[in-house]
Amino acid sequence: MKTLSKKLTALLAGTLLGTHLYGADVFTQKNIGLEAASDIARMSIESCRKAGYNVSAVVVDKHGILRSAMRDDHAVKQTLEIAQRKANMVVMAGTASGDFKKARSDIRQELNHIEGLIVMQGGLPITAGGILIGAVGVSGAPGGDKDEACAAAAIKKITERLEFASMGED
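Focus on the packing of helix 2 (residues 34-50) against helix 6 (residues 144-166)
- Put simply, helix 2 and helix 6 touch, their axes get as near as 8 Å, and they point 135° apart. When the axis of helix 2 is compared with that of helix 6, the two are oblique. The way helix 2 lies across helix 6 gives a crossing that is right-handed. Only K146, C150, A151, A153, A154, K157, I158, R161 and L162 of helix 6 make contact with helix 2, whose side of the interface consists of E35, A36, D39, I40, M43, S44, S47, C48 and K50.
- For the contact of helix 2 with helix 6, a count of residues per class yields ten nonpolar, two polar and six charged.

Examining the pattern of salt bridges
- Under the counting rule described, the total for this entry stands at eight salt bridges.
- R42 is the salt-bridge partner of E46, the closest N and O atoms lying 3.3 Å from each other. Separated by four residues within a single helix, E46 and R42 lie in helix 2, roughly one turn from each other.
- A residue is classified by how much of its surface remains accessible, and R42, at 34% relative accessible area, is partly exposed.

Details of the sheet that holds strand 4 (residues 131-139)
- Judged by pairing direction, the sheet is antiparallel, and its four strands sit side by side in the order 2-1-4-3 without closing on themselves. The open sheet has two edge strands, strand 2 (66-71) and strand 3 (123-128), and neither has a second partner. Neighbour to neighbour, the strand axes of the sheet diverge by 15° on average, direction disregarded.
- Two strands pair when backbone bridges link them, and strand 1 (residues 56-61) and strand 2 are joined in this way by five bridges, in the antiparallel orientation. Across the sheet, the residue bridging to V58 is A69, located in strand 2.
- Contacting strand 1, strand 2, strand 3 and strand 4, helix 2 crosses the sheet at an angle of about 25° to strand 2.
- The strands touched by helix 6 are strand 3 and strand 4; relative to strand 3, the strand with the most contacts, the crossing angle is about 10°.

Criteria and cut-off values
- Residues numbered from 1 in each chain as written.
- Predicted model: local features only at pLDDT ≥ 70, side-chain atom pairs only at ≥ 80, totals over all residues.
- Heavy atoms only, no water.
- Axes fitted to C-alpha atoms, helices over the stretch in contact; angles between N-to-C directions.
- Helix = DSSP H or I, 4+ residues; strand = E, 2+ residues; numbered from the N terminus.
- Parallel < 35°, antiparallel > 145°, perpendicular 65-115°, else oblique.
- Left-handed = near helix turned anticlockwise from the far one by under 90°.
- Contact = heavy atoms within 4.5 Å.
- Nonpolar A, V, L, I, M, F, W, Y, C, P; charged D, E, K, R; others polar.
- Salt bridge = Lys/Arg side-chain N within 4 Å of Asp/Glu carboxyl O.
- Buried < 20%, exposed > 50% of the residue type's maximum accessible area, 1.4 Å probe, protein only.
- Pairing = 2+ DSSP bridges.

Structure below.
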């Protein structure tokens, strides 16, 4: 009986230590869903359209993988790429692209040479339950501050829905 107890104790300790030291073999993560991503992109464009701007909006998930990309009818094609690069910057930095630009102007030029990134205002994080689940980038308005305002308006409209969806999840 003592041998079995010792083996179980060792197995349990090894399992606990192994998980602690090496991480879990299977884990779950919160990430943005397609419907929310599409709604944020659409609402970003609608917000800018009301202000008279033709923009593109791109939403990526927490890993920088494209979830939704939309270009308003009169937005130039390059705005799609710029919007995605702004969203990717948010994922990489973990903060709004404009805030990162202000804080790290010393490495801006270097980062702009990395494929998929651009250090410009107009990208915002998307959170649910205090956890980053994605990012939105907007491009095409006459200034990053206006791009950011359109993205912020969209996120504000969907925040309650995202918070509700994250309730009760681990």
